[in-house]
Amino acid sequence: MCGITAYVGTDDAVGGLLTGLANLEYRGYDSAGIAVKNGRGLRVVKREGELERLREALGTERPTGTIGIGHTRWSTHGPPTDENAHPHTDCTGRVAVVHNGIIENYETLREELSATGHEFHSETDTEVVPHLIEAELERHENPESAFRAAVSRLEGSYAIACLVDETEVVYAARQGSPLVLGQAEGRYFLASDVPAFREFTDEVVYLEDGDIVVVRPDGYTVTDCSGVPLARPVETVDWEPEAAGKSGYPHYMLKEIHEQPASLRQTLQGRVESLAGTVTLEEFPPGAFADVEQVQFVAMGTSHHAAMYAASMLSGRGVTANAYMAGEYADSPPPMSADTLVVAVTQSGETADTMNAVRRARDGGARTLAVTNVVGSSVTRECDDSLFIRAGPEIGVAATKTFSSQVATLSLVAERVAEDVTGVASADTRALLDALSDLPGDVQRILDESPAREVAEALYGCDAYFFIGRRAAYPVALEGALKFKEITYEHAEGFAASELKHGPLALVTDETPVFGVLTGEDETKTIGNLKEVQARDAPVIVVAPPSKADKVGFADYVLTIPESHPEVGGILANVQLQLVSYHAADLLGRPIDKPRNLAKSVTVE
Ligand code: F6R
């Protein structure tokens, strides 16, 4: 779970590398480093800690050079220390390497290399790579051949960028970890993700697994491991660089919460024709899912909550559908066949658990569909088909706008699949599409009017926070609790409202606020549950539309959402809960965009 970047140009490489690393910090931020090639060899500067520590170090020992590589780390092998930070070098200091992923056979390689005299200074899996290249440089005159030979020995997942002292080149390889190339006039960039270099160019090449890239100041080549040239199209990214900045908000999370009207518009654009009551899903015309007998969703975290939401929608339309935690699914998959549609829901498209679940599904003969935010991500390469949620880049570690766009996209998938499978359009389709069309405006109203800050001010600092809901509101309760615990570090749990009496009620006191999500048609039972907790002195906060106002008058606080379709109301309720979590974390002074122990893209199991 790291970010890599590389710069090849004719001007100062260090500035471009630092910009890239700053834009990639969401991928990891426990240590950072760069290597730059200049006339006097390779200069490596790396530090444990956030990027600021590297900047400080560069203030006193800033190397000069026009070609370089950089890395921002999230530890997987060895704790965050200066030694374990990347770039790693060989025994001679001729080779420097940055790596994202895991070299699975590193222990074998390390033993082999140690036996021939190579000395290691870190606990990382990565350090075998520069030593392997060093060994291959003794066998191959041409550094490019040595790089290919070394890469062919690696097992596992990797995006690697490498400098070899005597060449004006960056060598790079991709297998199972993301790597994109950006080209601007006279400059080339390599990175784990486009935001790293978006402010310099919008022309990108999405590299594929097995690709080897050789980047020189005057151009680049993409080949396979044996040197056969490969054509990779240059694509133009359709979002502006500001989309990856904070645009005046104090945190990315708040910015991304406020982007939801725009991101939802983008998600739904061209897909919903509410007047005609039709859904248009790019390459999935009516009948595209006619052979499907059951749907299995695989996902983790917030994406899993979106998947639960979608499974509940499909079940409600008469289609057998279940949402699985991808990590569990990968270890013990349920029965499946060629008639099973496995939908991998993943914002990043890189989550290791979800990728493994997709592989299990493919092995089981199922049809696979990726629903993701990241074009060119690993999941899109492994699934039969892909559908993009079009939420734009999300930098805050806590997922916000992508949950809304996932649910909106999945609700359209649910409509299409249900109609194809059951052969009849749902009587409810028009109402759902109307509500989706109104969704961006409804979210805007919440953002303009929400009393979430006052609720957070009144309730932050309690012992624990509980969230309850039924049907589609149940995953919203889970998501509300996940967001709250993730960024406030306070104890928060979500429950199906029906579960409350079967144990959790024992925890309820005047120090445990309970949030009730009321978005369904008949919420009598959940309202009853909320009265039960209130009778035990718990503060009650209700998220509900005005039509339920007379039934929730007993609540201590009401977070109102616009009237909507019950299945769209969950997205609206979730926006209120996002705001409460954000403000509580802000009042507690938490590092909201980088919660401790968490990273945006979880590429290890
Ligand atoms: C929570 C959060 C995580 C992710 C999970 C899956 O705010 O962001 O729970 O949802 O790690 O990530 P993706 O969607 O990238 O597969």
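Residues numbered from 1 in each chain as written. Predicted model: local features only at pLDDT ≥ 70, side-chain atom pairs only at ≥ 80, totals over all residues. Heavy atoms only, no water.

### Considerations on the packing of aromatic side chains
Applicable threshold: Think of it this way: a Phe, Tyr or Trp ring, Trp meaning its six-membered ring, pairs with another when their centres are within 6.5 Å, and the plane angle makes it stacked under 30 degrees, edge-to-face over 60, tilted otherwise. Helix and strand definitions follow DSSP, with helices as H or I runs of at least four residues and strands as E runs of at least two, each counted in order from the N terminus. The classification of residues rests on relative accessible area computed with a 1.4 Å probe and restricted to protein chains. Under 20% of the type maximum is buried, over 50% is exposed, and intermediate values are partly exposed. We call a charge positioned over a ring when the NZ of a Lys or the CZ of an Arg lies within 6 Å of the ring centre and within 35 degrees of the ring normal.
If you walk through the whole model with that rule in mind, you get 11 aromatic pairs. Here the aromatic rings of Tyr465 and Phe484 are separated by 4.3 Å at their centres, their planes lie at 40 degrees, and the arrangement is tilted. Placement of Tyr465 in strand β22 (residues 464-469) and of Phe484 in helix α15 (residues 473-488) is noted, with a sequence separation of 19 residues between them. Relative to Phe515, the ring of Phe467 lies with its centre 4.6 Å away and its plane at 5 degrees, an arrangement referred to as stacked. Of this pair, Phe467 sits in strand β22 while Phe515 is found in strand β24 (residues 514-517), placing the two residues 48 residues apart along the sequence. By the burial criterion, Phe467 is buried, and Phe515 matches it. Pairwise contacts between aromatic rings join Tyr7, Phe189, Phe197 and Phe200 into one cluster. Above the face of the Tyr489 ring, Arg596 is positioned so that its terminal group lies 3.9 Å from the ring centre.

### Thoughts on the site of the ligand
Test applied: Near, as used in this document, describes a residue that has one of its heavy atoms within 4 Å of the molecule or strand being considered. The definition of a polar contact used here is a pair of N or O atoms within 3.5 Å, where within protein one atom must be able to donate a hydrogen and the other to accept one, and adjacent residues in sequence count solely through side-chain atom pairs. Note on areas: Shrake-Rupley with a 1.4 Å probe; residue coverage comes only from the protein chains shown. Throughout, the ten residues Ala, Val, Leu, Ile, Met, Phe, Trp, Tyr, Cys and Pro are labelled nonpolar, Asp, Glu, Lys and Arg are labelled charged, and all others, Gly among them, are labelled polar.
Among the 15 residues in the neighbourhood of the ligand, the closest are listed as Ser303, Thr346, Gln347, Ser348 and Thr351. Taking Gln347, its main chain carries an N or O atom lying 2.7 Å from an oxygen atom of the ligand. Val397 has a polar backbone atom sitting 3.4 Å from an oxygen atom of the ligand. Burial of the ligand by the protein chains amounts to 89% of its free accessible area of 400 Å². For the shell around the ligand, the class distribution of residues is 6 nonpolar, 7 polar and 2 charged.

### Details of the sheet that holds strand β13 (residues 219-223)
Quick reminder of the rule: Pairing between two strands requires that DSSP report at least two bridges joining them. Two residues form a contact once any of their heavy atoms are found within 4.5 Å. Note on geometry: axes are lines fitted to C-alpha atoms, helical ones only across the stretch in contact, with angles between N-to-C directions running from 0 to 180 degrees.
Strand order in the open sheet formed by 6 strands is β5-β6-β7-β8-β12-β13, with antiparallel pairing between adjacent strands. The open sheet has two edge strands, β5 (88-89) and β13, and neither has a second partner. Pairing geometry for strand β8 (residues 170-175) and strand β12 (residues 212-216), over 4 bridges, is antiparallel. Residue pairing across strands places Ala173 opposite Ile212, the latter belonging to β12. Where helix α5 (residues 143-151) meets the sheet, it contacts β7 (156-164), β8, β12 and β13, and its direction lies at approximately 20 degrees from that of β8.

### Remarks on the pairing of β12
Counted residue by residue, β12 has 4 buried out of 5 residues, so it is predominantly covered. The pairing of β12 with β13 spans 5 bridges and is antiparallel. Looking across to β13, one finds that Val214 is bridged to Thr221. Connecting the antiparallel pair β12 and β13 is a turn made up of 2 residues.

### Observations concerning the pattern of salt bridges
Test applied: Between Lys or Arg on one side and Asp or Glu on the other, a salt bridge is scored when a side-chain nitrogen of the former is within 4 Å of a carboxyl oxygen of the latter.
The full count for this structure, using the stated rule, is 31 salt bridges. Salt-bridge contacts for Glu457 lead to Arg453; the nearest nitrogen and oxygen are separated by 3.8 Å. One end of the pair is Glu457 and the other is Arg453, both in helix α14 (residues 452-459) and 4 residues apart, which spans about a single turn. For Arg453, a relative accessible area of 26% gives the class partly exposed. Taking the shortest distance from any N to any O, the salt bridge between Glu532 and Lys501 comes out at 3.5 Å. With a gap of 31 residues between them, Glu532 in helix α16 (residues 524-535) and Lys501 in the loop between β23 (491-496) and β24 connect regions that are remote in the sequence.

### Some remarks on α16
As a reminder of what qualifies: To estimate the expected span of a helix, subtract one from its residue number and multiply by 1.5 Å. As used here, the arc belongs to the directions running from the helix axis to the C-beta atoms.
Spanning 12 residues, α16 covers 17 Å between terminal C-alpha atoms, matching the ideal 16 Å at 1.5 Å per step. For α16, the full list of buried residues reads Thr526, Ile527, Asn529, Leu530 and Val533. Within α16, the buried residues cover an arc of 155 degrees as seen down the axis, which keeps them to one side. Among the exposed residues of α16, those pointing more than 90 degrees away from its buried face are Thr524, Lys525 and Ala535. As for α16, its buried residues are in contact with β22, β24 and β25 (540-544). The first or second residue beyond α16 is Asp537, which carries a positive phi of 75 degrees.

### Here we look at the nonpolar core
Note the following rule: Residue types Ala, Val, Leu, Ile, Met, Phe, Trp, Tyr and Cys, when buried and joined through side-chain atoms within 4.5 Å, form a set referred to as a nonpolar core.
Counting residues in hydrophobic clusters, the biggest one holds 82 residues, and the most contacted among them are Val295, Phe297, Leu314, Val343, Leu436 and Phe467. Here this core takes 11 residues from helix α17 (residues 566-587), the largest share from any one element. Apart from the residues lying within four places of it in its own chain, the contact partners of Phe467 are Ala477, Gly480, Ala481, Phe484, Ala492, Glu493, Gly494, Phe495, Phe515 and Leu577. If you look at the next biggest cluster of nonpolar residues, it comprises 30 residues, including Tyr7, Ala191, Phe197 and Val237.

### Here we look at unusual backbone geometry
A cis amide bond links His86 with the next residue in sequence, Pro87, at an omega value of 0 degrees. Here Pro87 shows up in the loop between β4 (67-73) and β5. Positive phi outside glycine occurs at Arg471, with the angle close to 50 degrees. Of note in the backbone geometry, Asp537 takes a positive phi value of approximately 75 degrees without being a glycine. Judged by its relative accessible area of 56%, Asp537 is exposed.

### Quick look at the side chain of His565
As for its placement among the helices and strands, His565 is situated in the loop between β26 (557-560) and α17. Look at His565 and you get buried, because its relative accessible area is 8%. Here Glu567 takes part through its backbone nitrogen, which lies 3.0 Å from a polar atom of the side chain of His565. Ignoring anything within four residues of it in the chain, the contact list for His565 reads Asp428, Ala431, Leu432 and Ala435.

### A short note on the domain arrangement of the protein
Where we set the bar: Each domain's limits were defined by an automated method or a database of domain assignments.
Under the domain assignment, the protein is made up of domain 1 (3-242) and domain 2 (450-596). Using only C-alpha atoms to locate each centre, domain 1 and domain 2 end up separated by 45 Å.

### Here we look at the pairing of strand β2 (residues 31-38)
Note on strand geometry: in a regular strand, side chains alternate between the two faces of the sheet. In terms of burial, β2 is largely enclosed, as 8 of its 8 residues are buried. Side-chain alternation along β2 places Ser31, Gly33, Ala35 and Lys37 on one buried face and Ala32, Ile34, Val36 and Asn38 on a second face that is also buried. Alignment of β2 against strand β3 (residues 41-48), held across 8 bridges, turns out to be antiparallel. Within β3, the residue paired with Ala32 across the bridge is Arg47. In this sheet, β4 lies alongside β2 in antiparallel orientation, the contact comprising 7 bridges. From the neighbouring strand, Val36 faces β4, where its bridge partner is Gly68.

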